[in-house]
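Survey of secondary and tertiary structure
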Amino acid sequence: MSGEPYERMLAVALAALHERDPDRLWPLIAAALPALCGGETLVYKLDEWSDHGGTVALPPTAGSATGLVEEAAAALREGYPFAGHYGTTPDRHPLTARQAAGPHWSSSPTARLLRRTMGADHVLGIPLPQTTDPVLGCLVFRSGRDFTDDHVLAARRIQPLLAAVEEQRQLLARWRATATTPEDAGSPDERAADCGLTPREVTVLLLLGRALTADAIGRRLGISVRTVHKHVENLYRKLGTRDRMSTVLRAQQLGLIPMPTSKVPKHS
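Okay, so let's go over this structure.

The rules we used
- Residues numbered from 1 in each chain as written.
- Predicted model: local features only at pLDDT ≥ 70, side-chain atom pairs only at ≥ 80, totals over all residues.
- Heavy atoms only, no water.
- Phe/Tyr/Trp six-rings, centres within 6.5 Å; stacked < 30°, edge-to-face > 60°.
- Helix = DSSP H or I, 4+ residues; strand = E, 2+ residues; numbered from the N terminus.
- Buried < 20%, exposed > 50% of the residue type's maximum accessible area, 1.4 Å probe, protein only.
- Pairing = 2+ DSSP bridges.
- Salt bridge = Lys/Arg side-chain N within 4 Å of Asp/Glu carboxyl O.
- Core = buried A, V, L, I, M, F, W, Y, C linked by side-chain atoms within 4.5 Å.
- Contact = heavy atoms within 4.5 Å.

Before going further, it helps to examine the packing of aromatic side chains. How two aromatic rings sit relative to each other is given by the distance of their centres and the angle of their planes. For the coordinates displayed, the defined rule picks out three aromatic pairs. With a centroid separation of 6.0 Å and an interplanar angle of 25°, the aromatic rings of Y80 and W105 are classed as stacked. Residue Y80 is found in the loop between helix 3 (66-78) and helix 4 (82-86), and its partner W105 is found in the loop between helix 5 (97-101) and helix 6 (109-118); the two are separated by 25 residues along the sequence. Taking the relative accessible area as the measure of exposure, Y80 reaches 32% and is therefore partly exposed.

Printed below as a string of structure tokens:
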């Protein structure tokens, strides 16, 4: 990937890494990603889908009638034809619906319903690498001609970005739920902003608090060890510390990361 699409991908990654609200990360991706791989709209999957449950945020182009929207959501939850493929193989390469189902995809009930409710003729499945049960990821839709090999290749190159965004989302969501600040210090987001910490530095700090090595942090966040060290150096500077232990202790005092839980001994 080179030129303008590559620059757009970098812009999306940069915007995602500076977004403090984890609930806004995937909507941000959904607005920008389809154009990077030849699509027009996107639905993402972050939880378990079944015939009757699972979060499906349909795009505005879906049918306006409630019944059609619910019908389309049910069809997406069934996962045809991607559930059968990704559920039976460790392969997580992006795949078009036609590649997964064969030439009869266009005449399938799912394809007919998507044309009727979303105006889409073709679907590209982009699973998140290494997800197993459930398989997470997104579906990109387009009308007219099918996705090309170049579109599928672009989707494959985007996968590491999507995995990094989802890891960032999960870490920020857990951090918001567990971080505690003094009553007069505001929310964890406000406290981090007061210290000048970026969302990415917050996630590195959170993993430092779990005693992960730089190598392990890099694997979790999909970045190099060198980049991890750069983030750690920034944390030292912004928190006025000189080593990992003092940084973690300072962050705990400020309520930026959870205090360690201590077990109260039982008395007989």
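As a further point, take the pairing of strand 4 (residues 137-142). Among the six residues that make up strand 4, six are buried, leaving the element largely enclosed by the rest of the structure. Burial along strand 4 is two-sided: the face carrying G137, L139 and F141 and the face carrying C138, V140 and R142 are both buried. Relative to strand 4, strand 1 (residues 41-45) is paired through five bridges, and the arrangement is antiparallel. Following the sheet pairing, K45 is matched in strand 4 by G137. Note: strand 3 (residues 122-127) against strand 4, six bridges, orientation antiparallel. Each residue of the ladder has a partner; that of V123, found in strand 4, is F141.

Overall, the coordinates contain nine salt bridges when judged by the stated rule. D21 is the salt-bridge partner of R176, the closest N and O atoms lying 3.5 Å from each other. Linking R176 in helix 7 (residues 149-178) with D21 in the loop between helix 1 (4-17) and helix 2 (25-36), this pair joins segments that are 155 residues apart in sequence. On the accessibility criterion, R176 (34% relative accessible area) is partly exposed. D146 is the salt-bridge partner of R98, the closest N and O atoms lying 3.6 Å from each other. In this pair, R98 is assigned in helix 5 and D146 in the loop between strand 4 and helix 7, connecting sequence segments 48 residues apart. R98 sits in the partly exposed class, given a relative accessible area of 30%. Connected through salt bridges with shared partners, the residues D21, R176 and D189 form a single ionic network.

L33, C37, L124, I126, V140 and L162 are the most contacted members of the largest nonpolar core, which totals 27 residues. Looking at this core, the elements with two or more residues in it are helix 1, helix 2, strand 1, strand 3, strand 4 and helix 7. Broken down by element, the residue count for this core peaks at seven residues, all from helix 7. The contacts of C37, once residues within four sequence positions are left out, are L124, I126, V140, F147, H151, A154 and A155.

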